[in-house]
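Architecture and fold: a report
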Amino acid sequence: MTEPLVLGAIVAVAVVTAVLGARGVRVARTPADFLVAARRVPPTLNASAICGEYLSAASFLGIAGLALQDGLGALWYAVGYAAGYLVLLAAVAAPLRRFGAYTIPDFAEGRLDSPLLRRAATVMVLVICGFYLLPQLQGAGLTVQEAVGGPSWIGVVVLGVVVVLGIASGGMKGITFVQAFQYWLKLVAIAVPALVLLLLVQHPALTPVHGAAPPVFHKATRVEFPDAESMRVQRAVTVRAVGTVDGIRRDGTLALGPGDHSIGAGTTLSFPAGTPAPTVSSDALLSYRQWESPLVRIGGHVIHPLASTYGVVLATFLGAIGLPHILVRFYTNRDGEAARKTTSVVLLLLACFYVFPAIFALLGRLEAPQLYTSGQTDSVVLVLPRLAAAGTLGVVLSALTAAGAFAAFLSTSSGLLISMAGAVSHDLLGRGVRTFRISAVAAGVVVTLGALVVGGIAINVLVGWAFAIAASSFCPLLLLGIWWPGLTWKGAIWGLALGGGASSLGVILTIAGIGKTGWPAVLLGEPAIWTVPLAFATMVGVSLLTRRDIPRDVTRKLLALHLPERVRLPEVSA
Amino acid sequence: MTERQVVRAPVRHSPAVRQSPAAGDLYQPDNYAKTLLSSLIRAQLGATVTVLVPAAALLLLYPLLAVLVPSLAHASVGGLPLTFVVLGGGIYPPLVILGFWYRRRASRVEERFAELLEERDD
């Protein structure tokens with residue numbers, strides 16, 4: 001189902017990004033220019049740029065998709081993604097800017113005088129950014145597939161190429177304007193369709209969907225299956241099938257009994273009105289009552305709900321301060337005060353944005369039960385406009401959400417790739433624009449190949465894991481490094497290794513399919529609930545045992561972190 | 001740096017402090033410098049904690065209440081699920097207000113600190 005307008009919107013976003021990015025080429029001269037755009041970005045522009053960089057595939061597609069699939073409890077991700085900026089504002093923004101390091105590894109070495117710690121921090125940068133980048137590319141695959149059909153690898157490769165070229169040529173000066181533009185594009189692209197659909201959709205009053213009933217097709221519905229699925233039918237139904245069902249090619253009416261049916265890729269099934277919507281076999285079927293619960297589900301199941309919810313809240317609330325691609329932006333503030341102003345505006349802008357994924361989830365539940373059937377819940381923001389609004393309006397609105405989604409992948413992937421390339425060139429290999437460019441290309445190629453391999457995990461869950469790892473590694477490093485004079489490099493390294501290692505291991509085991517029920521599912525799938533305390537306890541404990549390693553000039557370092565610029569001696573203002 | 005000193009400046013209009021010579025005191029390896037620094041850090045940490053504790057309470061109490069009072073999880077407000085009203089919008093204004101309030105408080109802490117240094121300089 002090729003939609004020229006949708007495809008055009010995606011191309012337009014890519015072109016505008018490239019043009020705006022290219023303007024930066026003339027300005028970018030040194031590695032410092034590339035990394036922090038020479039620190040001349042005013043707070044409101046900077047705040048838009050940070051939001052542009054932050055609102056990723058997870059925010060634009062993933063939250064609505066996960067809330068549609070697993071229930072409204074998934075909105076905790078959105079709340080945590082925004083609330084994390086309050087932690088950043090109140091505990092990190094100004095001191096980090098005043099300290100005057102370019103990256104988290106710079107901060108780690110500058111604060112604790114250990115080149116070894118710097119390398120450990122660099123490895124964590126690569127792990128976190130890598131985990132974060134995979135779902136962005138996955139989302140791009142989904143969006144392009146939605147627009148032009150065909151395999152999803154096309155979108156993955158297109159995004160990979162655009163981002164790598166943009167960064168290798170433009171650096172961050174260009175990117176700042178691009179990111180700021182992309183925040184506003186994303187806000188318009190999600191807000192306008194959401195508001196128009198709210199007005200348009202003659203959804204039934206919410207009361208009939210209350211209670212135990214699963215979602216029902218209100219009208220005769222054609223469901224397309226872009227990928228092969230196993231589908232669970234609740235009640236015997238006669239459909240019109242075009243494609244492969246249970247291994248047999250069909251083209252005509254077909255009676256489907258209750259139970260699992262395998263559906264081939266590219267199949268279309270037309271269900272009569274009034275049928276309960278079948279689900280993907282592996283997903284739980286939620287009644288409205290279950291769906292509206294404010295607690296987080298793991299893979300659709302309620303497993304120790306309070307612990308799972310706290311796991312998500314902790315990871316997102318504390319994870320935002322440990323995201324390398326966001327922190328690097330704070331050095332583009334003029335001073336500590338400007339960093340605070342920027343962060344408080346970011347919080348406001350994010351709060352405005354996150355209202356809309358929730359609206360999409362609610363409307364999707366009422367209007368698009370076929371997404372449960374085809375297992376395409378992550379694409380609700382992309383397809384709902386076309387399903388709920390007829391004709392040209394639907395196409396225009398879906399072109400708008402496709403453009404916003406592509407902007408989301410472009411901006412976040414650019415930021416992540418800059419951080420990875422910066423980590424490799426600046427922190428591992430030494431400095432230089434040439435090295436930075438080569439690192440950007442290398443990291444881009446590696447992650448694009450990685451994204452072609454993974455798949456099938458909800459976008460938002462993947463991003464949530466990147467937050468959990470950040471919350472268990474860089475969060476304690478930054479909070480303790482800024483506020484506690486007693487931190488030592490040995491404590492920091494052990495904390496990074498245990499916290500970052502344990503959370504990464506939990507995530508990898510979950511991806512490998514280990515621990516699907518009971519406490520293992522919670523502790524491995526939402527690791528932050530124990531790995532964050534573990535990382536803090538380790539850093540404090542080991543530091544107390546290695547007091548001799550407290551840097552001798554720790555007072556001077558704390559001055560650099562906390563002294564307001566206006567009372568600062570010139571030689572310490574970095 | 002265990003001794004605590006309260007940073008408090010008399011109410012008066014001070015000229016903008018740019019490069020206070022008294023800032024040099026902070027770089028001296030004596031106890032006075034350490035006390036000054038730790039009082040600044042404590043004042044700033046105080047502002048941080050008074051913002052983050054209510055925010056954390058807000059985030060952690062709601063799921064707890066939903067577990068303890070199951071009817072809360074399924075309540076509705078004006079035909080919309082309560083969960084949607086809270087997590088889809090209602091929880092953000094308090095967070096944003098806390099953010100802007102912190103910014104004001106933090107810059108007041110720094111103003112007072114600058115005045116304190118200037119006063120010593122007089």
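Residues numbered from 1 in each chain as written. Chains lettered and ligands numbered in written order. Predicted model: local features only at pLDDT ≥ 70, side-chain atom pairs only at ≥ 80, totals over all residues. Heavy atoms only, no water.

Here we take up the overall build of chain A. Counting its secondary structure elements, chain A contains 22 helices and 7 strands. By the burial criterion, 63% of the 574 residues in chain A qualify as buried. Within chain A, contacts between residues at least 6 apart in sequence are counted, and of these 84% link residues at least 24 apart. About 18700 Å² of surface is accessible on chain A, with carbon and sulfur atoms providing 66% of the total. (Helix = DSSP H or I, 4+ residues; strand = E, 2+ residues; numbered from the N terminus. Buried < 20%, exposed > 50% of the residue type's maximum accessible area, 1.4 Å probe, protein only. Contact = heavy atoms within 4.5 Å. Areas by Shrake-Rupley, 256 points an atom, 1.4 Å probe, with all protein chains shown as cover.)

Caution applies to low-pLDDT regions: their predicted coordinates should not be interpreted in detail. Residues and elements named next belong to chain B. Per-residue pLDDT for chain B averages 77, and the proportion of residues at 70 or more is 73%. Put simply, helix 1 (residues 23-26) is where chain B has its lowest mean pLDDT, 60, and helix 4 (residues 82-90) is where it has its highest, 89. Across residues 5-21, where pLDDT falls below 50, the model places 33 contacts with residues more than four positions away in sequence or in other chains. (pLDDT = per-residue confidence, 0-100.)

Before going further, it helps to examine the packing of aromatic side chains. Residue and element names in this part refer to chain A. Summed over the entire model, instances satisfying the criterion amount to 14 aromatic pairs over all chains. Pairing Tyr77 with Tyr81 gives two aromatic rings, centres 6.2 Å apart and planes at 50°, and the pair type is tilted. Of this pair, Tyr77 and Tyr81 both sit in helix 5 (residues 75-99), 4 residues apart, roughly one helical turn. By the burial criterion, Tyr77 is buried, and Tyr81 matches it. Both rings, one in Phe99 and one in Phe107, keep their centres 5.5 Å apart while their planes meet at 70°; by these two values the pair is edge-to-face. Accessibility expressed as a relative area gives 1% for Phe107, which makes it buried. Every member of this aromatic cluster is reached through a ring pair, and the members are Tyr54, Phe60, Tyr77, Tyr81, Tyr85, Tyr132, Phe353, Tyr354 and Phe467. (Phe/Tyr/Trp six-rings, centres within 6.5 Å; stacked < 30°, edge-to-face > 60°.)

All names here are of chain A. With 196 residues, the main nonpolar core has Tyr54, Trp76, Tyr85 and Tyr354 as its most contacted residues. Broken down by element, this core gets its largest block of residues, 19 residues, from helix 5. Counting 15 residues, the second largest nonpolar core, distinct from the first, contains Val223, Val233, Val239 and Leu256. (Core = buried A, V, L, I, M, F, W, Y, C linked by side-chain atoms within 4.5 Å.)

Further remarks concern helix 4 (residues 57-70) of chain A. Along its length, helix 4 of chain A reaches its greatest deviation from straightness, about 30°, at Ile63(A). One or two residues past the end of helix 4 of chain A sits Gly71(A), with phi positive at roughly 105°. (Bend = angle between axes of the 7 residues up to and from the residue.)

As a further point, take the interface of chain A and chain B. Every contact between the two is made by 54 residues of chain A and, on the other side, 54 residues of chain B. Together chain A and chain B conceal approximately 5000 Å² of surface at their shared face, both sides included; 75% is due to carbon and sulfur atoms. One can count 2 salt bridges joining chain A with chain B. As a salt-bridge pair, Glu110(B) and Arg340(A) come within 2.7 Å of each other at their nearest N and O atoms. Put simply, chain A and chain B have 10 residue pairs in polar contact (both at pLDDT 80 or more) between them. Going through the elements one at a time, helix 5, helix 9 (288-291), helix 10 (305-319), helix 12 (336-367) and helix 22 (554-562) of chain A are the ones with two or more residues in the side of chain A that touches chain B. With 13 residues, the top contributor of residues to the side of chain A that touches chain B is helix 12 of chain A. Grouping the amino acids of the side of chain A that touches chain B by side-chain chemistry returns 39 nonpolar, 6 polar and 9 charged. (Buried area = accessible area lost by both parts, 1.4 Å probe. Salt bridge = Lys/Arg side-chain N within 4 Å of Asp/Glu carboxyl O. Polar contact = N/O pair within 3.5 Å; in protein donor to acceptor, adjacent residues only side chain to side chain. Nonpolar A, V, L, I, M, F, W, Y, C, P; charged D, E, K, R; others polar.)

Time to look at the side chain of Thr401(A). All names here are of chain A. Along the chain, Thr401 falls in helix 15 (residues 391-429). Separated by 3.1 Å, the side chain of Thr401 and the backbone oxygen of Ser398 make a polar contact. Filtering out sequence-adjacent residues up to four positions away, Thr401 remains in contact with Phe60, Ala189, Pro193, Phe360, Val381, Leu382 and Pro385.

Let's shift gears to the state of the cysteines. Residue and element names in this part refer to chain A. Taken as a whole and assessed by the stated rule, the structure comprises 0 disulfides over all chains. Lacking any disulfide linkage, Cys51 is separated from the closest cysteine sulfur, that of Cys352, by 9.2 Å. Residue Cys51 is classed as buried on the basis of its relative accessible area of 0%. Classification of Cys352 by relative accessible area gives partly exposed; the value is 37%. (Disulfide = S-S within 2.5 Å.)

Let us now look at a nonpolar patch on the surface. Residue and element names in this part refer to chain A. Together, Trp153, Ile154, Val157, Val158, Val161, Leu165, Val441, Val445, Leu449, Leu452 and Val453 give the surface a local cluster of nonpolar side chains, amounting to about 950 Å² of exposed area. The leading source of residues in the nonpolar patch is helix 8 (residues 153-200), at 6 residues. Mapped onto the fold, Leu165 is located in helix 8. (Patch = residues over 30% accessible without salt bridge, like charges linked within 9 Å, V, L, I, M, F, W, Y side chains within 5 Å.)

This part covers the packing of helix 4 of chain A against helix 14 (residues 380-388) of chain A. Residue and element names in this part refer to chain A. With their axes 8 Å apart at the nearest point, helix 4 and helix 14 run at an angle of 75° to one another. It follows that helix 4 is roughly perpendicular to helix 14 by the angle criterion. When helix 4 is examined against helix 14, the residues Phe60, Leu61, Ala64, Gly65 and Leu68 are found in contact with a partner set consisting of Val380, Val381 and Leu382. For the contact of helix 4 with helix 14, a count of residues per class yields 7 nonpolar, 1 polar and no charged. (Axes fitted to C-alpha atoms, helices over the stretch in contact; angles between N-to-C directions. Parallel < 35°, antiparallel > 145°, perpendicular 65-115°, else oblique.)

Attention now goes to the environment of Leu134(A). Here Leu134(A) lies in helix 7 (residues 115-148). C-alpha of Leu134(A) to C-alpha of Thr448(A): the two residues are 314 residues apart in sequence and 7.6 Å apart in space.

Right, let's talk about the pairing of strand 2 (residues 229-233) of chain A for a bit. All names here are of chain A. Only one face of strand 2 is covered, namely the face carrying Glu229, Met231 and Val233; the face carrying Ser230 and Arg232 is uncovered. Here strand 2 runs beside strand 5 (residues 259-263); their pairing, made up of 5 bridges, is antiparallel. Within strand 5, the residue paired with Met231 across the bridge is His261. One ladder, built from 2 bridges, connects strand 2 with strand 7 (residues 279-280); its direction is antiparallel. Bridge pairing in strand 7 places Met231 opposite Val280. (Pairing = 2+ DSSP bridges.)

Residues and elements named next belong to chain A. Turning to its location among the elements, Arg111 is positioned in helix 6 (residues 104-112). Since its relative accessible area comes to 1%, Arg111 is described here as buried. Measuring from C-alpha to C-alpha, the distance between Arg111 and Ile482 comes to 8.6 Å, with 371 residues separating the pair along the chain. Not counting residues up to four positions away in its chain, the partners in contact with Arg111 are Phe99, Gly481, Trp484, Pro485, Leu487, Pro551, Val554, Lys557, Leu558 and Leu561. From its side chain, Arg111 meets the backbone oxygen of Trp484 in a polar contact 3.0 Å long.

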